[in-house]
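What the coordinates show
Below are the chains, spelled out letter by letter.
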Amino acid sequence: MADLVIPSLTYRTGPYGGSGVPYSDGFTDYLTLLNERDGGINGQRIEVVECEYGYNTDKGLECFEETYAKGALVYHPMSTGLTYKLIPIVHERGVPLHTMGYGLTAAADGGMFPYTFNFPAHYWHAASAQIRHLKEISGGSLQGKKIVHMYHNSGYGKEPIPTLEKLALREGFELKLAPIDHPGENQDAAWEEMKAYQPDFILLWGWGIMNEVALKKAVNMGMPLDRVIGVWWSANESDIKPLRQYGEGYKAVTFHAVGTSFKIFNDMNMLVYQTGKARGDLNNIGDVLYNRGVMAAMFATEAIRLAMEIHDTTDVTRSMVRDGFEQLKMDEAKFEELGMEGFIPGVEISCANHAGEGLVSVKQWDSFTRRWVQLTDYYQPDAALIDPQVAAASEAFASSVGMNRKGCS
């Protein structure tokens, strides 16, 4: 019988299924590995409770209630809209929520959102890194440049707008907003505007089918893809491979490495893939979103392991797991121990900082080798710009949902 319940809120169906499947497979396969290799975590087996919600917020809330009743210890909703709804709920019920690189950016303020975490980087880290890179390749100035923010017309796509507006004022570029409505297939009107506007650069913040359509439209318009830079949710292999050689040069920000050159995959191959215990059909191993699912599961299980150590018990509660998340400190030696050396820079979480270091690099698609290549070192976050925004936004969101600041002692 399993002792640790970890839910997997999935969307394997619908217009976002192509993005939801690889992430969910990686997440579940890592947890299966721990059960097969280690007997779980410190002898406590893991039960993965999967609930399909089709990227529908109302159904996602139903999945939350269903899995919560089964004793779920931590949540990864994989949706910014669902995250907005869950934040006050997890705050009230005391269950940790890890929205890795998505969700409410202001949740970086741990003093206000004690149960919500968005490390190792959030949307505003991504937006500032995109602009920093464009500035670098433009000779150190974006003065007078025309930059389009083409985004999924939802909370996710709207999250970076305040940061981009401040950056436009500071750097002197013209920012044009181009919202694309759900599910993102119909983009004709937006691209007619692009043809007339002739932007210097496009920031792509799509999800699911929207990404592939947007990239094909850019190619058809004759815009070099090295002038299009996506956020990390617009850079899965399924987004760019359909373009074949025409996808050459597309860029995106990232907070982790890709590929299969990590020791963890040796164990997963022997104990999960070759034994027929993998969740999917193995086509996604090493892809961006598969690896991201692996990483999310790794953080969850290491937080649980740390919670056991902090509280000297294997019978951990949700609030204990929250303590594990808030005291996570993982350096290069720890990642090497886990078989993921070089996968991600070190991470350290505290009460005040639930976003971690916010380190972001830029990768680029090589259409010949059909793989991503890291193009830059990791950028340090623009704290002078971001921190005041987080402080203001956290107060505003908390007030809107009736939350009060817990603070940090």
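Throughout, a residue's number is its position along its own chain's written sequence, starting from 1. Owing to the predicted nature of the model, reporting of local features is limited to residues with pLDDT of at least 70; listing and counting of side-chain atom pairs is limited to 80 or more, with chain, interface and lining totals taken over all residues. Hydrogen atoms and water are omitted, and side-chain values are computed over all heavy atoms in the structure.

Paired rings are identified among Phe, Tyr and Trp, the last through its six-membered ring, by centres lying within 6.5 Å, and are further divided according to the angle between planes into stacked (under 30 degrees), edge-to-face (over 60) and tilted (the rest). Tallying each qualifying case throughout the model produces 23 aromatic pairs. With 4.9 Å between their ring centres and 70 degrees between their planes, Tyr11 and Tyr55 make a pair best called edge-to-face. With Tyr11 in the loop between strand 1 (4-10) and helix 1 (17-38) and Tyr55 in the loop between strand 2 (46-52) and helix 2 (57-68), this residue pair connects regions lying 44 residues apart in the sequence. For Tyr55, a relative accessible area of 17% translates into the label buried. Measuring from centroid to centroid gives 5.0 Å for Phe119 and Phe299, while their planes differ by 85 degrees, and the two rings are edge-to-face. With a gap of 180 residues between them, Phe119 in the loop between strand 4 (116-117) and helix 4 (123-137) and Phe299 in helix 11 (residues 288-311) connect regions that are remote in the sequence. Strands here mean DSSP runs of E at least two residues long; helices mean DSSP runs of H or I at least four residues long; both are numbered from the N terminus. The buried label applies to any residue whose accessible area, calculated with a 1.4 Å probe on protein chains only, is under 20% of its type's maximum; exposed applies above 50%, and partly exposed to all values in between.

Moving on, we get to a negative patch on the surface. Residues forming no salt bridge and having over 30% relative accessible area are the ones grouped into patches, like charges within 9 Å of each other and nonpolar side chains (Val, Leu, Ile, Met, Phe, Trp, Tyr) within 5 Å. We get accessible surface area from the Shrake-Rupley algorithm with a probe of 1.4 Å; when it comes to residues, only the shown protein chains can shield them. Every case where a carboxyl oxygen of Asp or Glu lies within 4 Å of a side-chain nitrogen of Lys or Arg is listed as a salt bridge. Counted as positive: Lys and Arg. Counted as negative: Asp and Glu, with His and the chain ends omitted from the count. To locate a charge, the coordinates of NZ of Lys, CZ of Arg, CG of Asp or CD of Glu are taken. The grouping of Asp331, Glu332, Glu336 and Glu341 at the surface amounts to a negative patch. As for its position among the elements, Glu336 is in helix 13 (residues 332-337).

We call a pair of cysteine sulfur atoms a disulfide when they lie within 2.5 Å. In the structure shown here, the tally under the stated rule is two disulfides. Here Cys51 engages in a disulfide with Cys63; their sulfurs sit 2.1 Å apart. Here the disulfide of Cys51 and Cys63 is left-handed, its torsion about the S-S bond being about -75 degrees. Within this pair, whereas Cys51 is found in strand 2, its partner Cys63 is found in helix 2, the two being separated by twelve residues in sequence. Judged by its relative accessible area of 5%, Cys51 falls in the buried class. A relative accessible area of 0% places Cys63 in the buried class. Linked covalently through their sulfurs, Cys351 and Cys408 form a disulfide whose S-S length is 2.0 Å. With the S-S bond torsion at -85 degrees, the cross-link from Cys351 to Cys408 turns out left-handed.

In this section: the side chain of His98. Its location among the elements puts His98 in strand 3 (residues 97-98). Judged by relative accessible area, which is 0%, His98 ranks as buried. For the purposes of these results, a polar contact is taken to be a pair of N or O atoms within 3.5 Å, where, inside protein, one atom must be able to donate a hydrogen and its partner to accept one; residues adjacent in sequence count only when each atom of the pair is a side-chain atom. Only 2.9 Å separates the side chain of His98 from the backbone oxygen of Phe119, close enough to count as a polar contact. It only takes one pair of heavy atoms within 4.5 Å for two residues to be counted as in contact. Residue contacts for His98: discarding those within four places in its chain leaves Tyr75, His76, Pro77, Phe117, Asn118, Phe119, Phe299 and Phe325.

Here we come to the pairing of strand 1. Buried residues dominate strand 1, accounting for seven of its seven residues. Burial along strand 1 is two-sided: Leu4, Ile6, Ser8 and Thr10 facing one way and Val5, Pro7 and Leu9 facing the other are all buried. In this sheet, strand 2 lies alongside strand 1 in parallel orientation, the contact comprising seven bridges. Residue pairing across strands places Pro7 opposite Val49, the latter belonging to strand 2. What joins strand 1 to strand 2 is helix 1, and the crossover it makes is right-handed. Here, a strand pair is defined by DSSP locating no fewer than two bridges between the strands. Handedness is read with the strands pointing away from the viewer; a crossover is right-handed when the path from the first strand over the helix to the second is clockwise.

Before going further, it helps to spend a moment on the nonpolar core. In these notes, a set of buried Ala, Val, Leu, Ile, Met, Phe, Trp, Tyr and Cys residues joined through side-chain atoms within 4.5 Å is what counts as a nonpolar core. Within the largest apolar cluster, 114 residues are counted, with the highest numbers of intra-cluster contacts made by Trp233 and Phe299. Ranked by residues supplied to this core, first place goes to helix 11 with 14 residues. With residues near it in sequence (within four places) discarded, Trp233 still touches Met78, Met100, Gly101, Tyr102, Tyr123, Tyr156, Gly206, Trp207, Asn211, Asp239, Leu289 and Arg292. Within the second largest apolar cluster, 26 residues are counted, among which are Met150, Trp191, Met194 and Leu243.

Geometric descriptors of this kind do not, in isolation, establish any biological role.
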